[in-house]
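Fold and contact review
Chain by chain, the residues run as shown.
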Amino acid sequence: MLSLLLALAGASAFPYESLTTPASCTVPEWPREAVRYEIEGTTTLQFQVGTDGAVRNAQVKQGSGWSILDQAALAGLARCRFKPGLPAAREGTAFPLQYAWTLEGPPPLRPMLVPGSCGPSQRFLRYDNLDQRPDGRASIKLRFLIDPEGKAQRIVPEAAHFDAAVVRDAVNWLQTCRFGISPKASGARTDTSFGRVVLR
């Protein structure tokens, strides 16, 4: 099951009382692709309200680690409508808002890298299982599905800092690796996984 929690962040409260109606600011839609890949995270936004009641200057202050969730949060916030002529609009007040994208229930058993299974590489040092941190300058985060043979497929990179050729090479290298779940492990299983390819 999915659960999208709405939370306030920072000192200034979200101006619920200034919405045109409660229905004018519904929670964002959970992207189907994010559901399929079972990715979670918390997106913290900041925004202002224009004199016409529309959201202005919305930005991600703290990302979830997944651009697909952060973009969905921004798209959901953009649909909110507030009463026109608010003092906060004239004063340029910035409001925080936080969405927690969480899956209910115990976490599933995810396929993990089979040690020593990746092909040799002059460019990549290793793969780190389930590393949720955003891309760094020395690693590329990937989410993917695992087929019955343990191969990564439908690989999606989060790679804002890298040249397209480097990202392509990381995807190709990951496909040389094999993943699996221990037959002795008990619990619900999934075919989704994620982690980071670390550059040399």
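Everything discussed here concerns the structure shown above.
The sections below set out a description of the structure shown in this document. All values derive from a computational prediction rather than experimental measurement.

Some remarks on the overall build of the chain
Within the chain, the secondary structure is distributed over four helices and 10 strands. Along the first, second and third principal axes, the C-alpha atoms of the chain reach 60 × 40 × 25 Å. Residues counted as buried form 44% of the 200 residues belonging to the chain. Restricting to contacts in the chain with at least 6 residues of sequence separation, those with at least 24 account for 77%.

With respect to the sheet that holds strand β8 (residues 152–158)
Pairing in this open sheet of four strands is antiparallel, and the strands run β6-β10-β7-β8 from one edge to the other. Each having just a single partner strand, β6 (124–129) and β8 make up the two edges of the open sheet. Going across the sheet, the axis of each strand differs from the next one's by a mean of 30 degrees, ignoring polarity. Pairing of strand β7 (residues 139–146) with strand β10 (residues 192–199) involves seven bridges; the strand directions are antiparallel.

Focus: the environment of Phe144
Structurally, Phe144 is set in strand β7. Assessed through its relative accessible area of 0%, Phe144 is described here as buried.

Let's talk about the state of the cysteines
All told, the structure shown has two disulfides when counted by the stated rule. With a sulfur-sulfur separation of 1.9 Å, Cys25 is cross-linked through a disulfide to Cys80. Since a negative S-S torsion denotes a left-handed disulfide, the Cys25-Cys80 link at about 55 degrees is right-handed. Within this pair, whereas Cys25 is found in the loop between β1 (2–7) and α1 (32–37), its partner Cys80 is found in the loop between α2 (67–78) and α3 (87–91), the two being separated by 55 residues in sequence. In this structure Cys25 comes out as buried when scored by relative accessible area, which is 16%. Paired by a disulfide, Cys118 and Cys177 hold their sulfur atoms 2.0 Å apart. Between Cys118 and Cys177 the sulfur-sulfur dihedral comes to about 115 degrees; the bridge is accordingly right-handed. A residue pair is termed long-range when its members are at least 10 positions apart, and Cys118 in the loop between β5 (112–113) and β6 and Cys177 in the loop between α4 (164–174) and β9 (179–180) qualify at 59 residues. The exposure class of Cys118 is partly exposed, given its relative accessible area of 21%. Disulfide connectivity for the chain, with bonded cysteines indexed by sequence position, reads 1-2, 3-4.

Quick look at the pairing of strand β3 (residues 55–62)
Sheet topology places strand β2 (residues 41–49) next to β3; five bridges connect them, and they run antiparallel. Each bridged residue has a counterpart across the sheet, and for Leu45 the counterpart in β3 is Val60. Between β2 and the antiparallel strand that follows it, β3, lie five residues; Gly53 among them carries a positive phi value of about 90 degrees.

Brief notes about the nonpolar core
Counting 30 residues, the largest nonpolar core has Phe14, Ile39, Phe47, Leu69, Leu77, Phe82 and Trp101 as its most contacted members. Put simply, the parts of the chain that give this core at least two residues each are α1, β2, α2, α3 and β4 (95–103). Leu77 has contacts with Leu45, Phe47, Val55, Ala58, Leu97 and Tyr99, leaving out every residue within four places of it along the chain. With 20 residues, the next largest nonpolar core counts Ile155, Leu174, Cys177 and Leu199 among its residues.

What counts as what
- Residues numbered from 1 in each chain as written.
- Predicted model: local features only at pLDDT ≥ 70, side-chain atom pairs only at ≥ 80, totals over all residues.
- Heavy atoms only, no water.
- Helix = DSSP H or I, 4+ residues; strand = E, 2+ residues; numbered from the N terminus.
- Buried < 20%, exposed > 50% of the residue type's maximum accessible area, 1.4 Å probe, protein only.
- Contact = heavy atoms within 4.5 Å.
- Pairing = 2+ DSSP bridges.
- Axes fitted to C-alpha atoms, helices over the stretch in contact; angles between N-to-C directions.
- Disulfide = S-S within 2.5 Å.
- Core = buried A, V, L, I, M, F, W, Y, C linked by side-chain atoms within 4.5 Å.

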